[in-house]
Amino acid sequence: MEGTTKIKDLTPSSRRVNVLAKVVSVGEPKSIQTRFGEEKSVTEVIIADETGKIILSLWGDQAAQATDGATLYIDNGYVSLVRGHMRLNVGKYGTLSEGTEEVPSTNEELDMSEKEYENQYRSGSGGGFRGGSSGGSGSYRRYGGGSGGNRSYGGRGRRDSDNNED
């Protein structure tokens, strides 16, 4: 498919990526509590293409599409860091569908979720947004950094380009 990103080319700041990959394994669904207190089910699915593998986080009903050996096409996905490790996400602006092309082979040697990255999208340590220790009044308006950062604020967070009053 044209315009697809290979798994080995994903970075912690990857946004609006289209990935075609094969399901290598499907984890057990886990129930987690979001920062807004809701209970949600997340399933971690390992997907791979010919360049490498990564963990794909699927929420709720999305997980039903992931069966061992299935080919998935993630349209408009993004990468987030979970405890410093990359996860590919579909998100509310992306779609997950069955791939129309085959993935000829899979490379499971290069694990893109294995490397630990410094989580530069959040300030402070241990959760970033809950504490009020972000400096003076009004100084914590940059919720998600400049690259789309924290999507759960529904677009209310500001981009650095909107914030040039420094």
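Cut-off values and rules
Residues numbered from 1 in each chain as written. Predicted model: local features only at pLDDT ≥ 70, side-chain atom pairs only at ≥ 80, totals over all residues. Heavy atoms only, no water. Helix = DSSP H or I, 4+ residues; strand = E, 2+ residues; numbered from the N terminus. Buried < 20%, exposed > 50% of the residue type's maximum accessible area, 1.4 Å probe, protein only. Contact = heavy atoms within 4.5 Å. Core = buried A, V, L, I, M, F, W, Y, C linked by side-chain atoms within 4.5 Å. Pairing = 2+ DSSP bridges. Salt bridge = Lys/Arg side-chain N within 4 Å of Asp/Glu carboxyl O. pLDDT = per-residue confidence, 0-100.

Counting secondary structure elements, the protein contains zero helices and seven strands. In the protein, the order of α-helices and β-strands from amino to carboxyl end is β-β-β-β-β-β-β. For the protein, with 166 residues in total, the buried portion stands at 33%. When contacts within the protein are restricted to residue pairs at least 6 apart in sequence, those whose partners lie at least 24 apart make up 63%.

Among the secondary structure elements, Asp 111 is positioned in the segment after β7 (95-98). Placed 64 residues apart in sequence, Asp 111 and Ile 47 show a C-alpha to C-alpha distance of 10.0 Å.

One recurring pattern in soluble globular proteins is that nonpolar side chains are buried together. Core analysis: the biggest nonpolar cluster contains 23 residues, and Ile 47, Leu 56 and Leu 88 have the highest contact counts within it. Of all the secondary-structure elements, those providing two or more residues to this core are β1 (17-26), β3 (39-48), β4 (53-59), β5 (71-82) and β6 (85-89). Non-local contacts of Leu 56, meaning those with residues more than four positions away in its chain, are made with Thr 43, Glu 44, Val 45, Ile 47, Leu 72, Ile 74, Leu 88, Asn 89 and Val 90.

So, on to the pairing of β3. Two elements, β1 and β3, share four bridges in a ladder whose sense is antiparallel. Of the residues in β3, the one forming a bridge with Ser 25 is Ile 46. As paired elements, strand β2 (residues 30-33) and β3 share four bridges and run antiparallel to each other. Across the sheet, the residue bridging to Ile 32 is Lys 40, located in β3.

This part is about unusual backbone geometry. Here Asn 76, not a glycine, exhibits a phi torsion of approximately 65°, which is positive. Of the residues examined, Asn 76 reaches a relative accessible area of 27% and is grouped as partly exposed. A positive phi is found at Arg 83, a non-glycine position, where the angle reads about 50°. One can find Arg 83 in the loop between β5 and β6.

We now examine the pattern of salt bridges. Tallied over the entire structure, the rule returns four salt bridges. A salt bridge links Asp 9 to Lys 8, with the nearest nitrogen and oxygen atoms 3.0 Å apart. With a closest N to O distance of 3.1 Å, Arg 87 and Glu 44 form a salt bridge. Here Glu 44 lies in strand β3 and Arg 87 lies in strand β6, a separation of 43 residues in the sequence. Residue classification places Arg 87 among the buried positions, given a relative accessible area of 8%. Through salt bridges with shared partners, a single ionic network connects Lys 30, Glu 44 and Arg 87.

When pLDDT is low, close inspection of the predicted coordinates is not appropriate. Residue-level pLDDT values for the protein average 80, and 70% of them are 70 or greater. Every residue in residues 122-163 scores below 50 in pLDDT, and together they form 39 contacts with partners more than four places removed in sequence or on other chains.

Note that Lys 22 resides in strand β1. Classification of Lys 22 as partly exposed rests on a relative accessible area of 23%. Sequence-wise, Lys 22 and Ala 70 are 48 residues apart; in three dimensions their C-alpha atoms are separated by 5.7 Å. Excluding residues that lie within four positions of it along the chain, Lys 22 makes contacts with Ile 46, Ile 47, Ala 48, Gly 69, Ala 70, Thr 71, Glu 102, Val 103 and Thr 106.

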